[in-house]
Amino acid sequence: MRRPSWVPEGTDLDKPNAARVYDYYLGGSHNFEVDREMARKAMELWPELPQIMRANRAFLRRAVTFLAERGVTRFLDIGSGIPTFGAVHEIARAIRPEAKVVYVDRDPVAVAHSRLLMADDPASSVVQADLRDVDDLLARPEVAELLAEGEPVGVLLVAVAHFVSDAEDPWKLISVIRDVLPAGSALVLSHASLEGRPDQAEDHQKLYRMTPTPLTMRTRDQITAMFDGFELVEPGVVYLPQWRPDQPETVGEHPERMTGVAGVGFRP
């Protein structure tokens, strides 16, 4: 395969990549045939996957808008993937033109392309780091500067904690981040749920075990526990379409079919 100019040397183009598969679900062009093939296999098992991914991105938009309207101008997007199709800086700056964003991802392909996209944006930074090595992540100069300003920060963990295994303890990792946040900061989190479509959960997890980023779906109670130390805003941890929809009729009769749950909480 001819290597596109935005892909760093050493990247294995023969294995599917979660960030590129997600880009494909959203209708993007930053993906390869191996990613599209994995997406098609997943869609054979679960035809609603593209709608689920778009519902997740719509939650991101609503949550960032919610925070920006409340004065938040600093955002730390962990597990950002490739920031296209309504990226955080675009959403936030529609309300707060001064908004600063640090994008963090462990995937070198996502990071390389993100740096190209953000090359002319002095208020956005891109960091290659891993949530699972949270001390290293927080020590990165761009992240430390964002958190050291003394102003509230919106931390985004949107569709990322389910790529952290139970043994790696996402609850502990999130608590480490929580403890360094300025008062008034917020956690925005979405996560694949076992309860929305239990008939599909195991097959979907098996599919992701074929990739470098296996998926751990969890119960709503387990996901809600990730907000320990944060004050959840209404309506709490709910299915993706149910979190502060733009219009009530957009929720639909079966929001559980979007399977992911989401919430936003503020640190007192």
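In what follows, the structure referred to is the one given above.
Everything in this summary refers to the structure shown in the same document. Nothing here was measured: the structure is a model prediction, and the numbers come from that model.

1. What about the overall build of the protein?
Consideration 1: For the protein, the helix and strand inventory stands at 10 helices and eight strands.
Consideration 2: Expressed as a percentage of its 268 residues, the buried residues of the protein come to 55%.
Consideration 3: Taking all contacts inside the protein whose residues are at least 6 apart in sequence as the whole, residues at least 24 apart take part in 71%.
Consideration 4: For the protein, the accessible area works out to roughly 11700 Å², and carbon and sulfur atoms hold 50% of it.

2. A closer look at the nonpolar core
Consideration 1: Among the nonpolar cores identified, the biggest contains 46 residues, and F59, F75 and V264 are the most heavily contacted of them.
Consideration 2: At 10 residues, helix α3 (residues 49-69) tops the list of elements feeding residues into this core.
Consideration 3: Discounting residues that sit within four places of it in the chain, F75 has contacts with V64, L67, A68, V88, A92, A99, K100, V101, V102, L146, V153 and G154.

3. Points about the pairing of strand β3 (residues 124-128)
Consideration 1: Inspection of the sheet shows strand β2 (residues 100-105) paired to β3 by five bridges, in the parallel sense. Across the sheet, the residue bridging to Y103 is V126, located in β3.
Consideration 2: For the handedness criterion, the β-α-β arrangement of β2, helix α5 (residues 108-117) and β3 is classed as right-handed.

4. Focus on the packing of aromatic side chains
Consideration 1: Applying the stated criterion across every chain, the model contains three aromatic pairs.
Consideration 2: Ring plane angle 90° and centroid distance 5.5 Å describe the contact between F59 and W243, whose orientation is recorded as edge-to-face. Of the two residues, F59 is situated in helix α3 and W243 in the loop between β7 (238-239) and β8 (260-266); the sequence distance between them amounts to 184 residues.
Consideration 3: What makes W243 buried here is its relative accessible area of 0%.
Consideration 4: Measuring from centroid to centroid gives 5.6 Å for F66 and W243, while their planes differ by 85°, and the two rings are edge-to-face. Note that F66 is positioned in helix α3 and W243 in the loop between β7 and β8, a separation of 177 residues in sequence. Note on accessibility: F66 and W243 belong to one class, buried.
Consideration 5: Members of the aromatic cluster, joined through ring pairs, are F59, F66, W243 and F266.

5. Quick word on the packing of helix α1 (residues 18-25) against helix α2 (residues 33-45)
Consideration 1: Running from N to C, α1 and α2 cross one another at 65°; their axes reach a closest spacing of 9 Å. On the basis of the axis angle, α1 is roughly perpendicular to α2. Of the two elements, α1 crosses α2, and the hand of that crossing is right-handed. For the pair α1 and α2, the contacting residues are R20, V21, Y24 and Y25 in the first and V34, D35, R36, M38, A39, R40, A42 and M43 in the second.

6. What to know about the pattern of salt bridges
A side chain of one charge can pair with a side chain of the opposite charge when the charged atoms of the two come close.
Consideration 1: One pass over the full model with this rule turns up 15 salt bridges.
Consideration 2: The closest approach of N and O atoms between R70 and E69, which form a salt bridge, is 3.9 Å.
Consideration 3: Across the pair D179 and R178 runs a salt bridge whose closest N-O atoms are separated by 3.0 Å.
Consideration 4: Judged by relative accessible area, which is 15%, R178 ranks as buried.
Consideration 5: Taken together, the shared-partner salt bridges connect E33, R36, E37 and R40 into one network.

7. Re the pairing of β2
Consideration 1: Extensive coverage of β2 is indicated by the burial of five of its six residues.
Consideration 2: Of the pairings in the sheet, the one linking strand β1 (residues 74-78) to β2 comprises five bridges and is parallel in character. In the sheet register, R74 faces β2, and the bridge partner there is K100.
Consideration 3: Read from β1 through helix α4 (residues 88-93) to β2, the crossover connection turns out right-handed.

8. Considering the environment of T259
Consideration 1: For T259, the position within the fold is in the loop between β7 and β8.
Consideration 2: A distance of 3.1 Å separates a polar atom in the side chain of T259 from the backbone oxygen of S193.

Rules used in this analysis
Just so you know, the residues in each chain are numbered from 1, in the order the chain's sequence is written. Given that this is a predicted model, residues contribute local features only at a pLDDT of at least 70 and side-chain atom pairs are listed and counted only at 80 or more, while totals for whole chains, interfaces and linings are drawn from all residues. Neither water nor hydrogens contribute to the side-chain values; these are computed over all heavy atoms in the structure. Strands are runs of DSSP state E lasting at least two residues, helices are runs of H or I lasting at least four, and both sets are numbered from the N terminus onward. Each residue is assigned to one of three classes by its accessible area relative to the maximum for its type, calculated with a 1.4 Å probe on protein chains only: buried under 20%, partly exposed between the two thresholds, exposed over 50%. Residues count as neighbours in contact if any of their non-hydrogen atoms are within 4.5 Å of one another. Where accessible areas are quoted, they stem from the Shrake-Rupley method and a 1.4 Å probe; at the residue level, only the protein chains shown are allowed to cover. To define a nonpolar core, start from buried Ala, Val, Leu, Ile, Met, Phe, Trp, Tyr and Cys residues and group those joined through side-chain atoms within 4.5 Å. Any two strands are treated as partners once DSSP identifies two or more bridges connecting them. For the handedness criterion, the strands are oriented away from the viewer, and a crossover whose path from the first strand over the helix to the second runs clockwise is classed as right-handed. When two rings of Phe, Tyr or Trp (its six-membered ring) have centres within 6.5 Å they constitute a pair, described as stacked for plane angles under 30 degrees, edge-to-face for angles over 60, and tilted for the intermediate range. For helices, the axis comes from a line fit to the C-alpha atoms of the stretch in contact; other axes are also lines fit to C-alpha atoms, and the angle between any two N-to-C directions lies between 0 and 180 degrees. Angle categories: roughly parallel below 35 degrees, roughly antiparallel above 145, roughly perpendicular from 65 to 115, and oblique for all the rest. Note on convention: near helix rotated counterclockwise from far helix by under a right angle means a left-handed crossing. Clockwise means right-handed. In what follows, salt bridge is the name for a side-chain nitrogen of Lys or Arg lying within 4 Å of a carboxyl oxygen of Asp or Glu. What qualifies as a polar contact is a pair of N or O atoms within 3.5 Å, subject to a donor-acceptor requirement within protein and to the restriction that residues adjacent in sequence count only when both atoms come from side chains.

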